[in-house]
Amino acid sequence: MTKLFLLAALPLLLFNGCSQSTHQENITDEPLSLKAAFRDNFHIGTALNKSQINEAIPEAATLIQKEFNSITAENMMKWMHIQPATDTFNFELSDKFVELGEKNDMFIIGHTLVWHSQLAPWANEIKDREEMIGHLQNHISTIVGRYKGRVNGWDVLNEALNEDGSLRNSIFLQLFGEEYIKAAFELAAEADPEAELYYNDYNLCNPAKREGAIELVKKLQASGTRIDGVGIQAHWNLNHPSLEEIEKSILDYAALGVKVMFTEMDVTVIPNPWDLQGADVDQNLEGSEFMNPYTEGLPDSVQTQLAKRYEDIFKLFLKHENKITRVTFWGVNDGQSWKNNWPIKGRTSYPLLFDREYKPKMAYHSVMDLKEEKIH
Ligand code: G3I
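Note that this is a predicted model, so its numbers are computed, not measured.

Participant: Is there a simple way to explain the overall build of the protein chain in this structure?
Facilitator: Within the protein chain, the regular secondary structure consists of 14 helices and nine strands. Taken over 376 residues, the protein chain has a buried fraction of 56%. Counting contacts in the protein chain only where the partners sit at least 6 residues apart, residues at least 24 apart contribute 79% of the total. Accessible area of the protein chain: about 16,200 Å², with a carbon and sulfur share of 51%.

Structure follows, in structure tokens:
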């Protein structure tokens, strides 16, 4: 790190005619970026929506380029968007997404090939095994093939587990049987042998679900099918999951020989009386003033708790940086986070590191302060 720091600073020292004290300020005090600060540890990613891919808001575009070195397609690669009608693919936005990533030299994540949710209506009407096999093959081969050598990693399979660790009774399981999982990974590997292939899910730090995910990975490995990583969707809150369960999860998944990544990070501070965890998109509940307490801004006391929670989590990530390859935030700033609309629509949520004006929050600084040297 020190060598890199000196190399990065050298041109500035040789070239710039400013006073010594100005150099010092530039080198040590200037707040840099997440991607620079963590560049020797893991990728720092964000999920992009349509407006961000179109670079419609200049503040967002600048922030994305400055802070992140990995991007994930938040919605536009989901089945209902990318193959809205049988064998009719809509690549307009996903092409732009990949071009944006390439332009900025980012690690590009395709999300997601096989997911029971956000399926196109026609896909929900698939009737039998043979038909399902054909459509899975066409879907995966067409999409992964199109971006061969350009998309670096795919969330091949998303949310295939129940909370008790058993397999979700999705249309894929019903029609194809358990082998659909192996088939999905093999089709993706065939279409792009170089791309990393992941299993991605929420609540993967909960013991029962974690066991289920470990079983899933082991079965793939035992059958000679490649799986490169487990994506732990970090839709968390101030207390859950505990640092102990997060650490155990990092160690247990890494012990399988796969990469560990935190893929959909956000930390909720607004109330949730149903104590919902994870991210079941079918849940949506009626709101009330009590349930939406911070419409005028986040009080300092809560801001501090959020900053401390992010600090503790990133401290743990750094402790296990040799096992973790990526930390991706689920969104760029608080204003566009999905958490404003889940599990109750229209609330004011504060789950990310940047506020509604694209300014870094206290939580951003608590994460950045963990790095001794901040690289230009
Ligand atoms: O684009 C339409 C807009 O035209 C319409 O006016 C509006 C009305 O509600 O809906 C808009 O679409 C919404 C879309 O997000 C874009 O904002 C959908 O209703 C809404 O269901 C969709 O939610 C997405 C959700 O997945 C379901 O696909 C969230 O943005 C997205 O963050 C979320 O991401 C998932 C991951 O893919 C998997 N893990 C859980 C995570 C959170 O649910």
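Participant: Help me understand the pairing of strand β9 (residues 324-329), please; the structure alone is not making it clear to me.
Facilitator: Judged by how many residues are buried, β9 sits mostly within the fold: five of six residues are covered. Relative to β9, strand β1 (residues 43-48) runs parallel, the two sharing four bridges. Following the sheet pairing, Thr46 is matched in β9 by Phe329. Sheet topology places strand β8 (residues 259-268) next to β9; four bridges connect them, and they run parallel. Paired with Val260 across the strands is Ile324, a residue of β9.

Participant: In this structure, what is going on with the environment of Thr348? I would like to understand it.
Facilitator: Relative to the helices and strands, Thr348 is located in the loop between β9 and α14 (362-368). It is 5.5 Å that separates the C-alpha atoms of Thr348 and Thr295, two residues lying 53 residues apart in sequence. What Thr348 contacts, discounting residues up to four positions off in sequence, is Ile270, Asn292, Tyr294, Thr295, Asn340 and Arg356.

Participant: Even after reading the chapter, I still don't get the packing of helix α12 (residues 243-254) against helix α13 (residues 300-319), so can you show me in this structure?
Facilitator: Helices that pack against each other are described as a pair by the angle of their axes relative to one another and the distance between those axes. It is the contact of α12 with α13, at a shortest axis distance of 11 Å, that shows an interaxial angle of 25 degrees. Viewed along their axes, α12 and α13 adopt a mutual orientation that is roughly parallel. When the axes of α12 and α13 are compared, the crossing they make is right-handed. On α13, the residues touching Leu243, Ile246, Glu247 and Ile250 of α12 are Arg309, Asp312, Ile313, Leu316, Phe317 and Lys319. Across the contact of α12 with α13, the residue classes tally to six nonpolar, no polar and four charged.

Participant: Would you mind going over helix α7 (residues 92-103) with me for this structure?
Facilitator: Two residues of an α-helix separated by three or four positions point the same way, owing to the 3.6 residues in each turn. Here α7 spans 17 Å end to end across twelve residues, near enough to the 16 Å set by a 1.5 Å rise per residue. When we look at burial in α7, the residues that qualify are Leu93, Ser94, Asp95, Phe97, Val98, Leu100 and Gly101. The inward-facing, buried residues of α7 abut β1, α4 (50-53), β2 (70-73), α6 (79-82), β3 (107-115) and α8 (129-146).

Participant: Please clarify how the site of the ligand should be interpreted in this entry.
Facilitator: In the vicinity of the ligand there are 15 residues, among which Glu74, Lys78, His111, Glu159 and Glu264 approach most closely. Lys78 is positioned with one of its side-chain polar atoms (N or O) 2.7 Å from an oxygen atom of the ligand. Starting from 790 Å² of accessible surface for the ligand in isolation, the protein chains cover 52%. Tallied by class, the residues present in the shell around the ligand amount to five nonpolar, six polar and four charged.

Conventions used here
- Residues numbered from 1 in each chain as written.
- Predicted model: local features only at pLDDT ≥ 70, side-chain atom pairs only at ≥ 80, totals over all residues.
- Heavy atoms only, no water.
- Helix = DSSP H or I, 4+ residues; strand = E, 2+ residues; numbered from the N terminus.
- Buried < 20%, exposed > 50% of the residue type's maximum accessible area, 1.4 Å probe, protein only.
- Contact = heavy atoms within 4.5 Å.
- Areas by Shrake-Rupley, 256 points an atom, 1.4 Å probe, with all protein chains shown as cover.
- Pairing = 2+ DSSP bridges.
- Axes fitted to C-alpha atoms, helices over the stretch in contact; angles between N-to-C directions.
- Parallel < 35°, antiparallel > 145°, perpendicular 65-115°, else oblique.
- Left-handed = near helix turned anticlockwise from the far one by under 90°.
- Nonpolar A, V, L, I, M, F, W, Y, C, P; charged D, E, K, R; others polar.
- Expected span 1.5 Å × (residues − 1).
- Near = heavy atom within 4 Å.
- Polar contact = N/O pair within 3.5 Å; in protein donor to acceptor, adjacent residues only side chain to side chain.

Without other data, these values stay purely geometric and don't point to any function.
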